[in-house]
Amino acid sequence: MNVQNIMVIGAGQMGAGIAHVCAAAGYRVWLQDIQEEQVTRGLETITRNLARQVEKGRLTEEEKVNILQRITPTTDISPVKNVELVIEAVIEKMDIKKAIFRQLDELAPLHTILATNTSSLPITELAAVTKRPEKVIGMHFMNPVPVMQLVEIIRGLQTGDAVYETIEAVTKSVGKTPIVVHDFPGFVSNRILLPMINEAIYTLYEGVATKEAIDGIMKLGMNHPMGPLTLADFIGLDTCLYIMEVLHEGLGDDKYRPCPLLRKYVHAGWLGKKSGRGFYEYS
């Protein structure tokens, strides 16, 4: 399929980043969210990131303007009738995603591919609420989207070969590297990453070392660019907790049990950088 028009559902950090790279690659993009202020914030983020690229000499001012002109911000989902690909990037809650996919399935043309940026939820289960399960696929971008090269491609039980080939081609066209994995809880990236973060939280919880020591050891000893507790703050502790719960429930193994300290911080509203406080404080 020849994809020229893309709708991104959800204008948060991930959705804005996806819209940015798609528009930069020449696609016409609709950036949709139910909240007007979220759409505005998403577009402001894209504009700010593009301006930074102009300052560094990686883009011209004309190229920046052209990219922004290819993005249409909207709170209306009906433009989905005009696109060949939808990339959903809303909150990591299955019931919310299912409701969106039911709506997209009703409104989008039969040939439109429905992709989800989920980082842990089963593609097959999400596809089952539509009348086009063969056209549903996982397209898990990494954060921050404009910088990170990987897109984890997850095929559901019924995802068609032609759909996979189209998504692989789109991924390459936006300058990313697609790597395909099977449909298991957490896929590969978060099945490995989140238990490591959870173990770092247990290490803090049990008093083995301070947060600075834990992060310092992983940075200096393992050459990680960011310590696991800092990384958890950037991901969002609520997101970390939810993914650990998905792993625990989906795989049925207690090694995926979320650390009580993680749960306590989330209940306290300490969600990391986005709330101003997590394992560290942010102004």
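Residues numbered from 1 in each chain as written. Predicted model: local features only at pLDDT ≥ 70, side-chain atom pairs only at ≥ 80, totals over all residues. Heavy atoms only, no water.

As recorded by an unreviewed UniProt entry, the protein chain carries the name 3-hydroxybutyryl-CoA dehydrogenase and is attributed to Priestia taiwanensis. The annotation that UniProt attaches to the protein chain under Pathway (unreviewed entry) is "Lipid metabolism; butanoate metabolism." Listed under Sequence similarities (unreviewed entry) in UniProt, the entry text for the protein chain is "Belongs to the 3-hydroxyacyl-CoA dehydrogenase family." (UniProt positions renumbered as here; feature names shortened; annotations may be inferred.)

Peer 1: Can you tell me about the overall build of the protein chain, naming the residues and giving the values?
Peer 2: When helices and strands are counted, the protein chain shows 11 helices and 8 strands. Here the protein chain has a C-alpha radius of gyration of 19 Å; the compact-globule value for 283 residues is 19 Å, and the two agree. Expressed as a percentage of its 283 residues, the buried residues of the protein chain come to 49%. Counting contacts in the protein chain only where the partners sit at least 6 residues apart, residues at least 24 apart contribute 67% of the total. (Helix = DSSP H or I, 4+ residues; strand = E, 2+ residues; numbered from the N terminus. Rg over C-alpha atoms; globule rule 2.2 N^0.38 Å. Buried < 20%, exposed > 50% of the residue type's maximum accessible area, 1.4 Å probe, protein only. Contact = heavy atoms within 4.5 Å.)

Peer 1: Any details on the pattern of salt bridges? Residues and values, ideally.
Peer 2: Using the criterion set out here, one finds 13 salt bridges in the structure. Among the ionic pairs, Lys 97 bridges to Glu 88, the shortest N-O distance being 2.4 Å. Overall, Lys 97 belongs to the buried group, its relative accessible area being 1%. For Glu 88, a relative accessible area of 0% corresponds to the buried category. We note a salt bridge from Asp 238 to Lys 274, for which the minimum N-O separation is 2.9 Å. Of this pair, Asp 238 sits in helix α10 (residues 237–251) while Lys 274 sits in the segment after α11 (260–267), placing them 36 residues apart in sequence. (Salt bridge = Lys/Arg side-chain N within 4 Å of Asp/Glu carboxyl O.)

Peer 1: I'd love a proper account of helix α7 (residues 189–205), names of residues and values included.
Peer 2: The end-to-end C-alpha distance of α7 is 24 Å, a good match for the 24 Å that 17 residues give at a rise of 1.5 Å each. If you check which residues of α7 are buried, you get Ser 189, Asn 190, Leu 194, Pro 195, Ile 197, Asn 198, Ala 200, Ile 201, Tyr 202 and Leu 204. Each element contacted by the buried residues of α7 is listed here: β6 (136–141), β7 (150–155), α8 (211–222), α9 (228–235), α10 and α11. Remark: Gly 207 follows α7 within two positions and exhibits a positive phi of approximately 75°. (Expected span 1.5 Å × (residues − 1).)

Peer 1: So what about empty space enclosed by the protein? Which residues, and what values?
Peer 2: If you walk through the whole model with that rule in mind, you get 1 cavity of 30 Å³ or more. Every residue lining the largest cavity is listed: Thr 124, Ala 127, Pro 133, Gly 156, Leu 157, Gln 158 and Thr 159. Grouping the amino acids of the lining of the largest cavity by side-chain chemistry returns 3 nonpolar, 4 polar and no charged. (1 Å grid on protein atoms, 1.4 Å probe; cavity = no way out; pocket = protein on both sides within 12 Å on 5 of 7 lines; lining within 4 Å. Points joined across faces, edges and corners; volume = space filled by probe spheres on them. Nonpolar A, V, L, I, M, F, W, Y, C, P; charged D, E, K, R; others polar.)

Peer 1: Explain helix α4 (residues 94–107) to me, using residue names and the numbers behind them.
Peer 2: In this model, α4 (14 residues) spans 20 Å end to end at C-alpha, consistent with the 20 Å of a helix rising 1.5 Å per residue. Those residues of α4 that fall on the buried side of the exposure criterion are Met 94, Lys 97, Lys 98, Ile 100, Phe 101, Leu 104 and Asp 105. Projected down its long axis, α4 carries its buried residues within an arc of 165°, all on one side. Along α4, exposed side chains directed more than 90 degrees from the buried face belong to Asp 95 and Glu 106. (Arc of directions from axis to C-beta.)

Peer 1: Let's hear about the sheet that holds strand β4 (residues 85–88): which residues, and what values?
Peer 2: Taken in spatial order, the 8 strands line up as β3-β2-β1-β4-β5-β6-β7-β8 in an open sheet, and their pairing is mixed. In this open sheet, the two edge strands, each paired with only one partner strand, are β3 (71–74) and β8 (177–181). Neighbouring strand axes in the sheet, compared pairwise and without regard to direction, differ in orientation by 25° on average. When β6 meets β7, the two strands line up antiparallel, connected through 5 bridges. Bridged to Phe 141 within β7 is Val 151. In the packing of helix α1 (residues 13–24) onto the sheet, contacts are made with β1 (5–9), β2 (28–32), β3, β4 and β6, and the angle to β2 comes to roughly 170°. (Pairing = 2+ DSSP bridges. Axes fitted to C-alpha atoms, helices over the stretch in contact; angles between N-to-C directions.)

Peer 1: Can you lay out the pairing of β6 for me, pointing to particular residues and giving the numbers?
Peer 2: Counting buried residues in β6 gives 6 out of 6 residues, a clear majority hidden from the surface. Burial along β6 is two-sided: the residues Val 136, Gly 138 and His 140 and Ile 137, Met 139 and Phe 141 are all buried. Where strand β5 (residues 113–116) lies against β6, 3 bridges are found, and the strand directions are parallel. The residue bridging Ala 115 from the neighbouring strand is Ile 137, located in β6.

Peer 1: Would you mind going over the nonpolar core in detail, with residue names and values included?
Peer 2: Formed by 35 residues in total, the largest nonpolar core has its most connected members in Leu 85, Ile 87, Met 139 and Phe 141. Looking at this core, the element that brings in the most residues is α1, giving 7 residues. Filtering out sequence-adjacent residues up to four positions away, Phe 141 remains in contact with Met 14, Ile 18, Val 21, Ile 87, Asn 117, Leu 150, Val 151 and Lys 176. Counting 24 residues, the second-largest nonpolar core is a separate cluster that includes Leu 194, Ile 197, Ile 201 and Ala 232. (Core = buried A, V, L, I, M, F, W, Y, C linked by side-chain atoms within 4.5 Å.)

Peer 1: Talk me through the packing of aromatic side chains; I want residue IDs and the actual numbers.
Peer 2: Per the stated rule, a full pass over the model turns up 4 aromatic pairs. Considering the side-chain rings of Tyr 265 and Trp 270, the 5.0 Å spacing of their centres and the 70° angle between planes classify their relative orientation as edge-to-face. Overall, the relative accessible area of 27% leaves Trp 270 in the partly exposed class. Between the aromatic rings of Tyr 265 and Phe 279, the centroid separation amounts to 5.1 Å while the plane-to-plane angle is 35°, which identifies the pairing as tilted. (Phe/Tyr/Trp six-rings, centres within 6.5 Å; stacked < 30°, edge-to-face > 60°.)

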